[in-house]
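# Analysis of the macromolecular model
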Amino acid sequence: CVWIPHLAAYNFSGNFTIEFTAMMGNVPVSGYPALFIKYQGSPLSGIYIYCNNTNYRITAQVVDGPGAAREARGPATATAVLSPGKRVHVAVVLSGASLNIYCNGEIGNTATLTNGTTLNTNAIFLGPAGSAGAPATQSANIIYDELRIWNDARTTTELSNSRYRELRSTSD
């Protein structure tokens, strides 16, 4: 589990894009392996990107009000699911009230947020995190590459152009 301390820049209070490439090593026996978490339980708020261990579909969940979670599920195609030994580029984009998820350039379904996002002061976790930020006891072995957090909604073209490119400056 990688822990990134909370900063005000990570509040996700407006448009944002979270993107990374992940590769799963082993398959967990049960549960929903977490890929990216900035979430708290009471009151429920934040963002949670995870993989369903049954069909390996990647899902982004954003809480947009007290207890109101909205989900955008990634495409169910063979090229877009996270399975052992395969790299998947994941991008979660909030543009206005539309939450979109892209997996290897394919867009999944869109969720509509009705109350905006809710802020929290929790840290960001890559990989599993249990309650109150403690490491989870059950997880998948996931390798990450190039986590990128943007304070704007990246377009499909911008995501496609930078997906396989190392960013070298703040102008990228």
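Conventions used here
- Residues numbered from 1 in each chain as written.
- Predicted model: local features only at pLDDT ≥ 70, side-chain atom pairs only at ≥ 80, totals over all residues.
- Heavy atoms only, no water.
- Helix = DSSP H or I, 4+ residues; strand = E, 2+ residues; numbered from the N terminus.
- Contact = heavy atoms within 4.5 Å.
- Areas by Shrake-Rupley, 256 points an atom, 1.4 Å probe, with all protein chains shown as cover.
- Core = buried A, V, L, I, M, F, W, Y, C linked by side-chain atoms within 4.5 Å.
- Buried < 20%, exposed > 50% of the residue type's maximum accessible area, 1.4 Å probe, protein only.
- Phe/Tyr/Trp six-rings, centres within 6.5 Å; stacked < 30°, edge-to-face > 60°.
- Lys NZ or Arg CZ within 6 Å of the ring centre and 35° of its normal.
- Pairing = 2+ DSSP bridges.

## A short note on the overall build of the protein
Within the protein, the secondary structure is distributed over 1 helix and 11 strands. Seen in sequence order, the protein has helices and strands lined up from the N terminus as β-β-β-β-β-β-β-β-β-β-β-α. Expressed as a percentage of contacts within the protein between residues at least 6 apart in sequence, the contacts between residues at least 24 apart total 62%. When the accessible surface of the protein is summed, it comes to about 8,300 Å², and 52% of that surface belongs to carbon and sulfur atoms.

## A few points about the nonpolar core
Phe36, Ile47, Ile49 and Ile58 are the most contacted members of the largest nonpolar core, which has 30 residues in total. Elements supplying a minimum of two residues to this core: strand E2 (16-24), strand E3 (34-41), strand E4 (44-51), strand E5 (58-63), strand E7 (87-95), strand E8 (98-103) and strand E10 (124-126). For this core, the element with the most residues is E2, which contributes 5 residues. Setting aside residues up to four positions removed in sequence, Phe36 forms contacts with Phe12, Ile18, Phe20, Ile47, Tyr48, Ile49, Ile124, Phe125, Leu126, Leu147 and Ile149. Among the nonpolar cores identified, the runner-up in size contains 6 residues, and Ile37, Tyr48, Tyr50 and Phe125 belong to it.

## What about the packing of aromatic side chains?
Summed over all chains, the structure comprises 2 aromatic pairs. Here Arg154 stacks its cationic end above the ring of Trp150, 3.7 Å away from the centre of that ring.

## Quick word on the pairing of E7
Counting buried positions over the 9 residues of E7 gives 7, a clear majority of the element. Where E2 and E7 come together, 8 bridges link them in antiparallel fashion. Of the residues in E7, the one forming a bridge with Thr21 is His89. Bridge count between E7 and E8: 6 bridges; the pairing is antiparallel.

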